[in-house]
Amino acid sequence: MSKPLLCLGFLLACVPSSHGLVAFRGAQDSQACTAEDLSHRVQVQNKLAGICEDMCKEVGAYPKCAQCPDFVEPDKTPGVMTWDELFEHMDNLVNWGQEELKAWHKTASALQTVKQASVNKQVETSCAAADAAHRAQFQNKLAGICEDMCKEVGAYPKCAQCPDFVEPDKTPGVMTWDELLEHMDNLVSWGQDELKVWRKTASALQTGKQEQSETACSAEDFSHRAQFQNKLAGICEDMCKEVGAYPKCAQCPDFVEPDKTPGVMTWDELLEHMDNLVSWGQDELKAWHKTASALQTVKHASVSKQVETSCAAADFAHRAQLQNKLAGICEDMCKEVGAYP
């Protein structure tokens, strides 16, 4: 409360000085002093208005502070739109739309009077397009409010009266038989359209391209057919899982039955692995002998001994790797039959 008293004292001190200046200066100085006095009075009143609201909070009467000048009562339901506020918002929206329409019509009229006759049609078209865009925005705004009101009254998702309302999925994350059949129909239609496009592209290529182009087009067509068949194969496998027949899906094209003993190597798998290992070893030995023969024919006679020594060392290293591989498999077999250690 000390600051307002100081401001009042300053104001009272300024009053006699302004009257003293009136006696010595003209009408212009008198007006300047009056304007300054008015400015100080406004500042004092604004300061007192803020102190009044603080005192109202201090005594616990807030927000009932109607006696304070220019007091605006806060929202009683923050974050929640009541029906009265909604109606008021709708009225304001209608008024805003009318004002906007008036402004657009006024602008259109001004443009019509300013523009020449040669551009009247273009101006009218652009004005109509702008008007249609604003109308669309206005309708979209009302559509969103309609859906919000439908949720507010607890009728959602039964909001068919709202414009352009799309009912949400009744079974989210689950594909029903109807949806599956519709998806299959869409897939067939998509495939037919794609085939038409491919044939059209192939025809265009056949008329302009040579034999190489025809070969490339056939390869592309074959690729698209393979993609289409793979898509159908995936759907077939999904349907097999859906009906509970998985993994008995031999009717699906290119179906590979999963491993019946995952994480466990059976005797048949072990024997097959040993056969593959033997074949791999023989192929590797052939490759090494071929490399050694090529080196022997290329190198000179002076380094033949060195080449043979290095080849023998490489052959010995590869043999050692193969024996170590077989030793590890032998130890695994020993553990498998329960004879370890």
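See the structure printed just above.
Draft legend 1. View of the state of the cysteines. If you walk through the whole model with that rule in mind, you get five disulfides. At a sulfur-sulfur separation of 2.1 Å, the disulfide partner of C146 is C162. Residues C146 and C162 share a disulfide whose torsion about the S-S bond is about -85°; that sign makes it left-handed. Taken together, the residues span a long stretch of sequence, with C146 in helix α4 (residues 120-152) and C162 in the loop between α4 and α5 (177-208) at a distance of 16 residues. We classify C146 as partly exposed; its relative accessible area is 21%. With its sulfur 1.8 Å from that of its partner, C240 forms a disulfide with C249. Residues C240 and C249 share a disulfide whose torsion about the S-S bond is about -85°; that sign makes it left-handed. Comparing C240 with C249, the two get one shared label, buried.

Draft legend 2. Region of interest: the side chain of D315. Looking at the element boundaries, D315 is found in helix α8 (residues 304-336). Setting aside residues no more than four positions away along its own chain, D315 makes contact with L285 and W288.

Draft legend 3. Focus on the environment of W83. One can find W83 in helix α3 (residues 83-114). In the structure, W83 is positioned 66 residues away from M149 in sequence and 9.8 Å away in space, judged by C-alpha atoms.

Quick notes on the rules
- Sequence order as written defines the numbering, with residues in each chain counted from 1.
- In view of the model being predicted, local features appear only for residues whose pLDDT reaches at least 70, and side-chain atom pairs are presented and counted only at 80 or more, with totals across whole chains, interfaces and linings using the full set of residues.
- Working from all heavy atoms in the structure, the side-chain values ignore hydrogens and water.
- Only a pair of cysteine sulfur atoms within 2.5 Å qualifies as a disulfide here.
- Only DSSP runs of H or I reaching four residues or more are called helices, and only runs of E reaching two or more are called strands; each is numbered from the N terminus.
- Using a 1.4 Å probe on the protein chains alone, a residue whose accessible area is under 20% of its type maximum counts as buried, one over 50% counts as exposed, and one in between counts as partly exposed.
- By the convention used here, residues are in contact when the closest approach between their heavy atoms is within 4.5 Å.

Note that every value here comes from positions in space, so none of it alone points to a role or purpose.
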